[in-house]
Every structure is written in C-alpha cells, then in structure tokens.
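# Results of the structural survey
In case you want the letters, here they are:
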Amino acid sequence: MKRSTGLGRRKFLTGTTAGLGGAALLTGGGNAFAATAKPGPRPVNPSIGPVTVTPSDQQYQDSVRALNARYVGRPDSVHFVDAPEQIPAIVERAVREGKRLTVRSGGHCLEDFVYNSDVRTVLDVSHMNAVSYDPARRAIAVESGATLLDLYETLYQAWGITVPGGICYSVGVGGHVSGGGWGMLARRDGLVVDHLYAVEVVVVDASGRARTVLATREKDDPHRELWWAHTGGGGGNFGVVTRYFFRSPDAVGADPRTLLPKPPADVLLSAVSWPWAKLSRNGFARLTQNYASWHVAHGAADSPQRFLTSFLILNHQANGQIGLVTQVDAGAPGAQRMLDDYLAHMGRGVGIVRGALTRQMGDIGPMPQFAAARRLPWLQATRFVGTTNPLLNDPTLRAEYKSAYMRAEFPRTHLDTMYKHLTRTDIASPNLNIQLTPFGGAVRRVGQDATAAGHRGAAFKMLWSAQWNDPADDATYVAWTRESYQEVYARTGGVPVPDDVTDGCYVNYPDADLSDPRYNTSGVPWHELYYKDAYPRLQRIKKAYDPGNVFRHRQSVELPN
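Quick caveat: nothing in here was measured; it's all calculated off a predicted structure.

### Some thoughts on helix α1 (residues 87-96)
Those residues of α1 that sit buried are Ile87, Pro88, Ile90, Val91 and Ala94. Along the axis of α1, the buried positions cluster into a sector of 165 degrees, meaning they face one direction only. Exposed and facing more than 90 degrees away from the buried side of α1 are Ala89 and Arg96. Tucked inside the fold, the buried residues of α1 contact β5 (77-80), β6 (101-104), β7 (121-124), β10 (196-204), β11 (210-216) and β12 (240-246). After α1 finishes, the residue glycine 98 shows a positive phi value of roughly 70 degrees.

This is the structure in structure tokens:
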C-alpha cells in the first residue's frame, strides 16, 4: 500500500468555499476544454493521500467488490482519494499506461460496470464526502463520495433544507445524481437534478490530458452541455464527477437556508400488508391496478395529492405478504384525509382486510408499529425507512434487477403474468418481488428536454428484484427475473418500449440484458429505453468531453459514428 499522509476526513464544512476559487478561467473559444476549473483554497484537514491498494495488500479483497456480491474485480490497483485535486494525476496515469479505469462512489451499481475483468484501475471516491456552502456560487457543494443519508443529515441539520433523493441510506451521490435521482419527495419537489446548478468533472482530451471542468446550467456557460449530460445521462460516461453544486432554479439570495426545498417538518408514515394466503388472482389484480389507477389519476404537476408518496411491494407468495409503505407530508392540506382516502382506494375490491407489515420485503424491513399511521419528524422517518434493510449489510448478498416506467394502467395480461410468476411453485423465495414506486407530480414541472432525464410523463416506475445468498442459485434466480420480465412485456419484444402504456427503463437500475438480442427483441435499442430521443445529444457531448472513450462500460454512451 502506498500513501502520502495520515487518515482523516471532512464531512460538514459550513461557511467555507469548498471547491473552486471563483469563476472558471476562459482560455480560448470553441474548444470543449477552453474553460477549466481552477481549484481554490480548501479547508485544512488531514488527508488520506491518495492511498493506492494493490493485490499484495491485505485490504485489497475489501476494496474490489460491489454491494452485489456477484461482482468482484481483480484490478491492478485501487486508488482511494479524499480531495478532487488528487484525481487528475491518477486518471492521466491510467490513460498513459492504457489501463481501463472505472470509478466507485457508493458501490451500488446494479451491474458489473465498475468491477469486471477488463478493469485495471479503480478510482474510489467514497472518502471524498464533504458537504459545504459555496458562497461564490450561492450553492451547496457536495463531493461525489457522499452517501445519501449523510447528505440529508448535513443539509437538514445545518440549514433545514434537502434534495429529493433516494431512499437507501448508503447510495453514493456520484452515480445517483448523474442518473437523474429519484426519491420519496419526488412527487412534491421533483428529481434531484431539477435542483442541480453545476457539476465539476475531471475529463480527458484527445491527447490524454486530464483537466477539471466546471459546468453550470447558465445559458451562456460554454460547458452547459456537460451539465445537461449529468442531469440523467448516467454515471461512468463522461468523466469523474468530483462535486455537485445544488441550488433550486427559483432560489434567490445567498442564504443557504433558502437555496433548496425545505422537507416536511413532519410526515405521516404508514406500513400495511395483505396476506397472500387469502388473496385471489382477481384480488391481486385489483390491488395492483388500484396502485396504477391512483398514480395515473393524480400524476399532474399541481395535483393536490403530490404530497403523498407510496410504494407497493409485490412479493412472491413465499414471503406471505404484499406490502404498502406510504408517506404523506403532514403539513399538506388535509394530510390525514389524503392518507385515509388513499388506503381506502388501495383496498377497494381486493376482498380482504389489510393488516400490519410484519415481513422483510425488498429494501424494507418489518414495520408492524406503523399499521396505524404515525406522525414523525421528517429526518427520523427518513433514517428509519432508509436503514430498515439488513440485506444491505449482508456481504453474501447476490441480486438481479430490471426496471420499467409506466404511463398508464396495466393491461390485464401484465397483471396475470405478474401473478403467474409471483405464485410459481418451482421457485419459492421471500426475496423475489416487483416493486411499484411513484412518479408524476412535481417531476412533470420540468420539460421533457430540459434535462437528460426524459421520462417526465411516467406515472410510476417498477423494479424487478431478486436477492439470494448462494452462488449455486445464480442461474435459478436470474432466470426467474428474466422470464417474468420478458413475459410481462411479451407483446413489445420483452422490454417496456416507450409507447402509450410503458415508457422505457431507469438508467440508475441498469440492466445489461437490454443490450442483448436474446432478451430484447423489440427492435428498440437499450439507449432509447434509457434516454429516449436524447441519446444523439449525449453522444455529441461524449465526443466533446471524452473523445478517447476513456470512461466506458457495457452500456456507456457511445461515441457517434
């Protein structure tokens, strides 16, 4: 192991200019690299280095694996950094030596894009996790290794604000934001990228030189396209993100307490379930369609119900229950009535009475104490929901995932096919499920082309999730996921093509099968499922900022022909 200094960390840096010293320097025109970011003074804190870990080091085996134990790499080196200025030299060396480079933030990539046999250098930014106020940009600067729960705690405890990001506490900001960023406040406050003011990225030019570029949403910024690419264009495509800068488009002034949305002071949190043992085929179909119909009906940007967010977890019958977790902004007009009406709608025509949620299901642990809704401070509820899943700390966790956006209610064939695969007796695991999560509301306030997150018209989205522990079971559970997904979308070639009913896939739930003609026979390429008609624009940005295709993986944005 090679290192330069002692161990230390900077997490909460209020009142500092954490990052760039003033505006970007303009050194020419017409060149994508004409304006580069000049690093400014940083807080004085102990640093870890960077630290280089190689196969001869004891900690190597802990440094080359993702959250999903299916993906373990064998790179020549792993570089742990804790400051943006440490990154360009590492990137340049990898390029000079012809070594494939990937970047790790939180380790939650659902495919092998970071850890695979082609990768020789891994850049790990997980120690680069500072959150601070940048007065020069009137924005909150967030380093790309910060995890979501740390970000929420710092933003809220320091300034009473938040970003509407994801649920899982340990997801890294680096990939989450670049893929668009969805969470429990999305219907109320939009996507994370709807509040992204700027992004700082280490990019590589055609000569192999690495430099740091600051790209903002300002209309006259020569790097605005690079900012746009990071509003839903996915991670690992254009460079190494070092920092994000957040400020809502309608924010005014320089007080950090006014720059981003204030979360609810309190929320109503409910967790209920329906027992599989009493659920008929028609009851299952009605429950699932109830979720779809409510979100289709209440998807408008100004819907009074945008303060409610809810996810339905359709578990395999081996689990014993189907679960529903719902959160409502307690300060919204008629919040309790909104929740009561929603739960009544969800149970209509199902034929059985709901009860407590007492089983582990997907990313949610048992929550029997919320069978009757409880009022909680927002941060307490966020911590609780985000950390209830013991599977996330299981080093033997193996998983397979697939996704879909839905624009309309389910065709009956979709419902019957989901029922068929969730009641199969040749496979029986409580950790097989299809999760339905909300979209719409404030997500629709932003135009289709304003960001690279192009599924603004979706009413809700879906996640196929199979989780297991024994490598001997890989083929069984991967097959269940593929078969159930392909059959649900059999009419459209095995994938949810953009049309009047479905609307493609979520890039933050990557699925390599979308590129495989054995599983995608639709004629719609993987990039259209993720990006719709934005892909040519992303390719042009790729050519401008990564002409040597340094940053790539199995489904990275390709250089144009």
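That was the structure; now back to the text.
### Focus on unusual backbone geometry
Positive phi, normally seen in glycine, also occurs at lysine 532, with a value near 55 degrees. Take lysine 532: it is sitting in the loop between α11 (526-531) and α12 (535-545). A residue is classified by how much of its surface remains accessible, and lysine 532, at 18% relative accessible area, is buried. We note that asparagine 549 has phi near 55 degrees; this positive angle belongs to a residue other than glycine. Here asparagine 549 shows up in the segment after α12.

### Brief notes about the packing of helix α6 (residues 281-297) against helix α9 (residues 412-422)
At a closest axis distance of 10 Å, the pairing of α6 and α9 adopts a crossing angle of 120 degrees. Considering the angle they form, α6 stands oblique to α9. The two elements α6 and α9 meet at a crossing, and its hand is right-handed. Between α6 and α9, the residues in contact are Arg281, Asn282, Phe284, Ala285, Thr288 and Gln289 and Arg412, Leu415, Asp416, Met418, Tyr419 and Leu422, respectively. When the residues that make up the contact of α6 with α9 are grouped by side-chain class, the tally is six nonpolar, three polar and three charged.

### Observations regarding the sheet that holds β5
Pairing within the open sheet is mixed, and its four strands lie in the order β4-β5-β7-β6. Every other strand in the sheet has two partners, leaving β4 (51-53) and β6 as the edge strands with one partner each. Taking the axes of each pair of neighbouring strands and ignoring which way they run, one obtains an average angle of 20 degrees across the sheet. Pairing geometry for β5 and β7, over four bridges, is parallel. Across the sheet, residue valine 78 finds its bridge partner in β7, namely valine 122. Of the strands in this sheet, β5, β6 and β7 are in contact with α1, which crosses β7 at around 170 degrees.

Parameters and conventions
Residues numbered from 1 in each chain as written. Predicted model: local features only at pLDDT ≥ 70, side-chain atom pairs only at ≥ 80, totals over all residues. Heavy atoms only, no water. Buried < 20%, exposed > 50% of the residue type's maximum accessible area, 1.4 Å probe, protein only. Helix = DSSP H or I, 4+ residues; strand = E, 2+ residues; numbered from the N terminus. Arc of directions from axis to C-beta. Contact = heavy atoms within 4.5 Å. Axes fitted to C-alpha atoms, helices over the stretch in contact; angles between N-to-C directions. Parallel < 35°, antiparallel > 145°, perpendicular 65-115°, else oblique. Left-handed = near helix turned anticlockwise from the far one by under 90°. Nonpolar A, V, L, I, M, F, W, Y, C, P; charged D, E, K, R; others polar. Pairing = 2+ DSSP bridges.

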